[in-house]
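Observations on chain architecture
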Amino acid sequence: AGARGGGLLAGAYAPWPAKLVAALAPGPERLEPPRDTVFADRDGRPLRHLPADAGVRGDWQPLARHPLRLVQAVLAAEDMRFREHAGVDPRAILRAALDNVTAGRVVSGASTITQQTVRLLEPRARTWAAKSWEALRALALDRSLSKDQILEQYLNRAPMPGTLRGMAAGSRHL
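This one's a predicted model, so the numbers in the text were calculated from it and none came from an experiment.

1. Some words on the pattern of salt bridges
Tallied over the full model, the rule gives 9 salt bridges. Among the ionic pairs, R137 bridges to E122, the shortest N-O distance being 2.2 Å. Of this pair, R137 sits in helix α7 (residues 128-144) while E122 sits in the loop between α6 (113-121) and α7, and the two are 15 residues apart along the sequence. For E122, a relative accessible area of 8% translates into the label buried. Each of D41, D43 and R45 takes part in a single network of salt bridges with overlapping partners.

And the structure:
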């Protein structure tokens, strides 16, 4: 699992001790899909949906069930180098820093899909300390899951308007 390469953050690509990855990556219980209760008629059509997670509604879909064009659009908009970096994108960090310094305010971010997945799994206040922890956890998550597994987690956890969660729920209800 995870990308390999060199350059900036070269240590992020070096072999990590298994105990360190296990300690930093989110535990398997956090990666489990939420188990909503769905009441269906005799033909299997949903009649009532009871969310398992504080009123948030979503239907977990395997990555293969998400349309390829949707996946490509998400990757293009959110993290063009998703399959090339190790969970953190040094080029995006440098670009965002330059954009923000030039503008004199925050106008651009650099969070990767892996970092966003960590934030969705473990919400925290948006501080520099939390961002640093999120980056470290993203590096570990990239080591413990495949890119497809990370993408599936993101596509199913991404917030949609209202109480919807995930691309499948968003496309069905919007």
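2. Some thoughts on the nonpolar core
I113, L151 and L155 are the most contacted members of the largest nonpolar core, which totals 25 residues. Looking at this core, the elements with two or more residues in it are α4 (68-78), α6, α7, α8 (147-157) and α9 (167-173). When neighbours within four sequence positions are excluded, L155 is seen to be in contact with L63, H66, V71, V74, G166 and M167.

3. Side note on the packing of α4 against α8
Orientation of α4 relative to α8, taken along the N-to-C sense of each, is 90°, at an axis distance of 12 Å. Compared by their axis directions, α4 and α8 come out roughly perpendicular. From α4, V71, V74, L75 and E78 reach across to α8, where they touch L151, Y154 and L155. The class makeup of the residues in the contact of α4 with α8 is 6 nonpolar, no polar and 1 charged.

Scoring rules and cut-offs
Residues numbered from 1 in each chain as written. Predicted model: local features only at pLDDT ≥ 70, side-chain atom pairs only at ≥ 80, totals over all residues. Heavy atoms only, no water. Salt bridge = Lys/Arg side-chain N within 4 Å of Asp/Glu carboxyl O. Helix = DSSP H or I, 4+ residues; strand = E, 2+ residues; numbered from the N terminus. Buried < 20%, exposed > 50% of the residue type's maximum accessible area, 1.4 Å probe, protein only. Core = buried A, V, L, I, M, F, W, Y, C linked by side-chain atoms within 4.5 Å. Contact = heavy atoms within 4.5 Å. Axes fitted to C-alpha atoms, helices over the stretch in contact; angles between N-to-C directions. Parallel < 35°, antiparallel > 145°, perpendicular 65-115°, else oblique. Nonpolar A, V, L, I, M, F, W, Y, C, P; charged D, E, K, R; others polar.

Coordinates in, geometry out; function isn't part of it.
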